[in-house]
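# Coordinate inspection notes
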Amino acid sequence: MEFQYKEMGTRIKVRRKELKIKQAELAEALEISNNHMSSIENGRQKPSLDTFIGICRCLNVTPDYLLLGTMHAYNIPQDISDKLRLCHQSDIELAKDFIELLVKRNSTNNTKDGYMLS
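Predicted model only: the values in this text are computed from it and were never measured. (Residues numbered from 1 in each chain as written. Predicted model: local features only at pLDDT ≥ 70, side-chain atom pairs only at ≥ 80, totals over all residues. Heavy atoms only, no water.)

## Brief notes about helix 4 (residues 49-59)
Rule in force here: Burial here depends on accessible area, computed with a 1.4 Å probe over protein chains only, as a share of the maximum for the residue type. Under 20% is buried, over 50% is exposed, and the range in between is partly exposed. A run of H or I in DSSP counts as a helix once it spans at least four residues, and a run of E counts as a strand once it spans at least two, with each numbered from the N terminus. In what follows, residue pairs with any heavy atoms lying within 4.5 Å of each other are defined as contacts.
Where helix 4 is concerned, the buried positions are Thr51, Phe52, Gly54, Ile55, Cys56, Cys58 and Leu59. Its buried side turned inward, helix 4 meets helix 1 (5-18), helix 2 (23-30), helix 3 (34-41) and helix 5 (63-68). Of the residues trailing helix 4, Asn60 is marked for its positive phi of about 55°.

## What about the side chain of Ser38?
Note that Ser38 resides in helix 3. Not counting residues within four places of it along the chain, the set of residues in contact with Ser38 comprises Gln23 and Arg44.

## Things to note about the side chain of Glu41
Worth spelling out the cut-off: Two N or O atoms form a polar contact when they lie within 3.5 Å of each other; inside protein one atom must be a possible hydrogen donor and the other a possible acceptor, and for residues adjacent in sequence the pair counts only when both atoms belong to side chains.
In this fold, Glu41 is placed in helix 3. Within the structure, Glu41 has its side chain in polar contact with the side chain of Arg16 (distance 2.6 Å). Beyond its immediate sequence surroundings of up to four residues, Glu41 is in contact with Lys6, Gly9, Thr10, Ile12, Lys13, Arg16 and Gln23.

## Description of the nonpolar core
For the record, the criterion: Each nonpolar core is a collection of buried residues, namely Ala, Val, Leu, Ile, Met, Phe, Trp, Tyr and Cys, held together in the definition by side-chain atoms within 4.5 Å.
Judged by nonpolar contacts, the single largest core of 18 residues is most densely connected at Ile12, Leu26, Leu30, Met37, Ile55, Leu59 and Leu66. Those elements that provide at least two residues to this core are helix 1, helix 2, helix 3, helix 4 and helix 5. No other element matches the five residues that helix 4 contributes to this core. Discounting chain neighbours no more than four positions away, the residues touching Met37 are Ile12, Gln23, Leu26, Ala27, Leu30, Ile32 and Ile55.

## A short note on helix 2
Where we set the bar: This arc corresponds to the set of directions leading from the helix axis out to the C-beta atoms.
Buried residues of helix 2: Gln23, Leu26, Ala27 and Leu30, and no others. In an axial view of helix 2, the angular spread of the buried residues amounts to 100°, which keeps them on one side of the axis. Here the buried face of helix 2 lies against helix 1, helix 3 and helix 4. Residue Glu31 follows helix 2 closely and has a positive phi angle near 60°.

This is how it looks when you write it as structure tokens:
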């Protein structure tokens with residue numbers, strides 16, 4: 001089974017844009033060239049392990065999200081995940097909207113404090 005680097009690259013690009021991080025800024029934070037970052041996002045090149053870990057840190061995502069497209073959040077109690085599975089789809093969408101508001105609020109606070117890229 002061949003791993004789909006193009007899909008991983010797409011997830012990197014989408015998450016980077018969600019966080020309003022420019023490709024060049026991410027490349028600089030990772031200490032790689034912008035061309036290499038572009039190639040990773042387009043699935044033409046594979047990131048090294050160090051670069052992959054750096055991408056996860058900068059984009060605040062888990063490796064399984066980039067690799068598989070599933071996000072297991074850091075430090076989220078299992079009971080919250082279990083309870084979400086019991087909700088109707090409309091309730092999950094409402095929870096998603098609420099979480100987006102929290103992300104925006106934290107994003108604004110991080111930008112003000114000057115530590116958007118870790």
